[in-house]
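# Report on the structure
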Amino acid sequence: MSATEFELVSHWRIAAPLDRVWPEIVDVDAWPSWWRAVRKVERLRDGDAGGVGALRRLTWATALPYSITFDVLSTRIEPMHLIEGRASGELSGVGLWTLLADGAGTAVRYDWRVDLGKPWMRTLAPVLRPVFAWNHNVLMGWGEADLKARLGIG
């Protein structure tokens, strides 16, 4: 793996049933209303009836003094279980959400295999690699906390 490639895994434990968590994760268009890091979601193309083929442009604020924008094409959706998307632009790679009922709650896992696209990020990646990974973990931590607050379990 090169210095510009990342394999990041996030785990959320949400004390709400899967049927309450799934709709929030699958409704990417609504993320800016509850996930503080998501500044904007633009729907560029609708997908099929199940959402596969939808193309969105996401703009994220970060814990660092920069934002990042990339497109995500929904490539696979297994209702109540899995969402996969292919990113392109300032980041490129594959993101995979996996949700599983876990007792009365939901276990959420996000796998993000991505390569940096911004030239300054690619140049500084050998030195800032731990900082970029930390930044991703902060954004995902915000997502977990914000989802819990949205569901009234924060």
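To be clear, the structure that these remarks concern was listed above.
This structure is a prediction, so every number in the text was calculated from the model and none was measured.

Looking now at the packing of aromatic side chains. Applying the stated criterion to the full structure yields 14 aromatic pairs. Ring geometry for tryptophan 12 and tryptophan 97: centres 5.4 Å apart, planes at 65°, overall edge-to-face. Note that tryptophan 12 is positioned in strand β1 (residues 5-14) and tryptophan 97 in strand β6 (residues 91-102), a separation of 85 residues in sequence. What makes tryptophan 97 buried here is its relative accessible area of 6%. Aromatic ring contacts, followed pair by pair, group Trp12, Trp31, Trp34, Trp35, Trp60, Phe70, Trp97, Tyr110 and Trp112 into a single cluster.

Moving on: the environment of arginine 56. Along the polypeptide, arginine 56 turns up in strand β3 (residues 55-61). Given a relative accessible area of 11%, arginine 56 falls into the buried group. Residues arginine 56 and aspartate 111 lie 55 residues apart in sequence; the distance between their C-alpha atoms is 19 Å. Those residues in contact with arginine 56 that sit more than four places away from it in its chain are Val28, Asp29, Val41, Glu42, Arg43, Leu44, Phe70, Asp71, Val72 and Ser74. At a separation of 2.8 Å, a polar atom in the side chain of arginine 56 contacts the side chain of aspartate 29.

With that settled, consider the sheet that holds strand β4 (residues 67-78). With antiparallel pairing, the 7 strands of this open sheet are ordered in space as β1-β7-β6-β5-β4-β3-β2. Each edge of the sheet is formed by a strand with only one pairing partner; in this case those strands are β1 and β2 (38-45). Each strand of the sheet is rotated relative to its neighbour by a mean of 20°, with strand direction disregarded. Where strand β5 (residues 82-89) meets β6, 6 bridges bridge the pair, whose relative direction is antiparallel. The residue bridging alanine 87 from the neighbouring strand is glycine 93, located in β6. Contacting β1, β4, β5, β6 and β7 (105-116), helix α1 (residues 18-26) crosses the sheet at an angle of about 165° to β6. Across the face of the sheet, helix α2 (residues 119-150) comes into contact with β1, β3, β4, β6 and β7 while running at roughly 15° to β1.

This part takes up the side chain of glutamate 84. Looking at where glutamate 84 falls in the secondary structure, it is placed in strand β5. With a relative accessible area of 18%, glutamate 84 lands in the buried category.

The next point concerns the environment of isoleucine 77. Looking at where isoleucine 77 falls in the secondary structure, it is placed in strand β4. For the pair isoleucine 77 and alanine 133, spaced 56 residues apart in sequence, the C-alpha to C-alpha distance is 26 Å. Excluding residues within four positions of it along the chain, isoleucine 77 makes contact with Trp22, Gly50, Gly51, Val52, Leu82 and Ile83.

A word on the nonpolar core. In this structure, Trp12, Val21, Trp31, Trp35, Trp60 and Trp97 are the most contacted members of the largest nonpolar core, which totals 40 residues. Counting residues per element, this core draws most heavily on α2, which supplies 7 residues. If we skip the residues at most four places from it in the chain, tryptophan 35 touches Trp12, Trp60, Trp97, Leu139, Met140, Trp142, Gly143 and Asp146.

Conventions and cut-offs
Residues numbered from 1 in each chain as written. Predicted model: local features only at pLDDT ≥ 70, side-chain atom pairs only at ≥ 80, totals over all residues. Heavy atoms only, no water. Phe/Tyr/Trp six-rings, centres within 6.5 Å; stacked < 30°, edge-to-face > 60°. Helix = DSSP H or I, 4+ residues; strand = E, 2+ residues; numbered from the N terminus. Buried < 20%, exposed > 50% of the residue type's maximum accessible area, 1.4 Å probe, protein only. Contact = heavy atoms within 4.5 Å. Polar contact = N/O pair within 3.5 Å; in protein donor to acceptor, adjacent residues only side chain to side chain. Pairing = 2+ DSSP bridges. Axes fitted to C-alpha atoms, helices over the stretch in contact; angles between N-to-C directions. Core = buried A, V, L, I, M, F, W, Y, C linked by side-chain atoms within 4.5 Å.

So yeah, pure geometry; function would need other evidence.
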